[in-house]
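Single-letter residue listing:
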Amino acid sequence: RASFARQMLAPLLIAGGCALLQRPRLLQASAPQSLRLAASPLAQVPAAAPAPAAAQPPASSGKKGKGRLNIRIDDEWYDLTNWRAAHPAGTHWIDAYNNSDATEVMYAFHSDKAISMFKRLPNSRAPPEGIAPPSASTYAFRELRQRLVEEGWFKIHPLGELQKLAPWSAVTAAGVWLARRSGFW
């Protein structure tokens, strides 16, 4: 019976450790005012329907006569036609944002180094026409994100990271130990 209990408990402990990693962070009552939805700019701006996208000509690899690869970041249009092949993650990621706003993607998926590099890219000489500006809720989100950056919410704190990983490590280690002890593994 003890062996059977260990065999059943070990996978549950391992699964529990994995679940701890996926658990969403709950806001506590002591969270800063900027994180409370009622006080956030997002709660004060009605959601706007996305504007219809303009026809997107295919981007070229720099050859004359083809469409240009124009991407908007922070309300500035950049011509990435000659740079697209150098994008580390591949051209398909850049091509997907042709003639559209990529501000949130730029800040969400790029390092501080990459963010500082994009400002050196050439501005578009002929930005696409008919592209709607970002909505008021998009600007409110950008403002909220900037406030969170200034407050240090995106800085890594080693002690905080250790506190998040310790329960997962302990439960996973207990599950592995029980699995090995019972002969399950």
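The structure presented is a predicted model; accordingly, all values stated were derived computationally and were not measured.

### Let's talk about the pairing of strand β2 (residues 76-79)
- Of the pairings in the sheet, the one linking strand β1 (residues 70-73) to β2 comprises 4 bridges and is antiparallel in character. Paired with Ile-73 across the strands is Glu-76, a residue of β2.
- A loop of 2 residues connects β1 with β2, the two strands running antiparallel in sequence, and Asp-74 in this loop sits at a positive phi of about 55 degrees.

### Considerations on the sheet that holds β1
- Reading across from one edge, β2-β1-β3 is the order of the 3 strands in this open sheet, with mixed pairing throughout. The open sheet has two edge strands, β2 and β3 (100-101), and neither has a second partner.
- As defined by bridge partners, β1 adjoins β3 across 2 bridges and the pair is classed as parallel. If you follow Arg-72 over to β3, its bridge partner there is Asp-101.

### Quick word on the layout of surface pockets
- By volume, the largest pocket amounts to about 520 Å³.
- What lines the largest pocket is a set of 19 residues, and nearest its centre among them are Trp-83, His-87, Ile-94, Met-106 and His-110.
- Mapped onto the lining of the largest pocket, the elements with two or more residues apiece are β1, α3 (91-95), α4 (103-109) and α5 (112-118).
- Residue composition of the lining of the largest pocket, by class: 17 nonpolar, 2 polar and no charged.

### A short note on the side chain of Arg-72
- Mapping Arg-72 onto the fold places it in strand β1.
- Among the polar contacts made by the side chain of Arg-72, one reaches the side chain of Asp-101 at a distance of 3.0 Å.
- In this view, Arg-72 contacts Trp-77, Ser-100, Asp-101, Ala-102, Thr-103, Ile-131, Ala-132, Pro-133 and Pro-134; residues no more than four positions away in its chain are not counted.

### Details of the pattern of salt bridges
- Taken as a whole, this structure holds 6 salt bridges when the rule is applied.
- Across the salt bridge formed by Arg-142 and Asp-101, the nearest N and O atoms sit 3.0 Å from each other. Of this pair, Arg-142 sits in helix α6 (residues 136-150) while Asp-101 sits in strand β3; the two residues are 41 residues apart in sequence, bridging distant segments of the chain.
- A salt bridge links Glu-104 to Arg-142; the nearest nitrogen and oxygen atoms lie 2.7 Å apart. Here Arg-142 lies in helix α6 and Glu-104 lies in helix α4, a separation of 38 residues in the sequence.
- Glu-104 gets classed as partly exposed once you look at its relative accessible area, which sits at 27%.
- Residue Arg-142 is classed as buried on the basis of its relative accessible area, which comes to 15%.
- A single network of salt bridges, built from pairs that share partners, joins Arg-72, Asp-101, Glu-104 and Arg-142.

### Quick look at the confidence of the model for the protein chain
- Here the protein chain averages 74 in pLDDT, and 63% of its residues register 70 or above.
- In the predicted structure, residues 21-65 sits below a pLDDT of 50 and forms 58 contacts with residues beyond four places in sequence or in another chain.

### A look at the packing of aromatic side chains
- Per the counting criterion, the structure on display carries 1 aromatic pair.
- We note Arg-145 situated over the ring of Phe-154; from NZ or CZ to the ring centre the distance is 5.0 Å.

The rules behind the values
- Residues numbered from 1 in each chain as written.
- Predicted model: local features only at pLDDT ≥ 70, side-chain atom pairs only at ≥ 80, totals over all residues.
- Heavy atoms only, no water.
- Pairing = 2+ DSSP bridges.
- Helix = DSSP H or I, 4+ residues; strand = E, 2+ residues; numbered from the N terminus.
- 1 Å grid on protein atoms, 1.4 Å probe; cavity = no way out; pocket = protein on both sides within 12 Å on 5 of 7 lines; lining within 4 Å.
- Points joined across faces, edges and corners; volume = space filled by probe spheres on them.
- Nonpolar A, V, L, I, M, F, W, Y, C, P; charged D, E, K, R; others polar.
- Polar contact = N/O pair within 3.5 Å; in protein donor to acceptor, adjacent residues only side chain to side chain.
- Contact = heavy atoms within 4.5 Å.
- Salt bridge = Lys/Arg side-chain N within 4 Å of Asp/Glu carboxyl O.
- Buried < 20%, exposed > 50% of the residue type's maximum accessible area, 1.4 Å probe, protein only.
- pLDDT = per-residue confidence, 0-100.
- Phe/Tyr/Trp six-rings, centres within 6.5 Å; stacked < 30°, edge-to-face > 60°.
- Lys NZ or Arg CZ within 6 Å of the ring centre and 35° of its normal.

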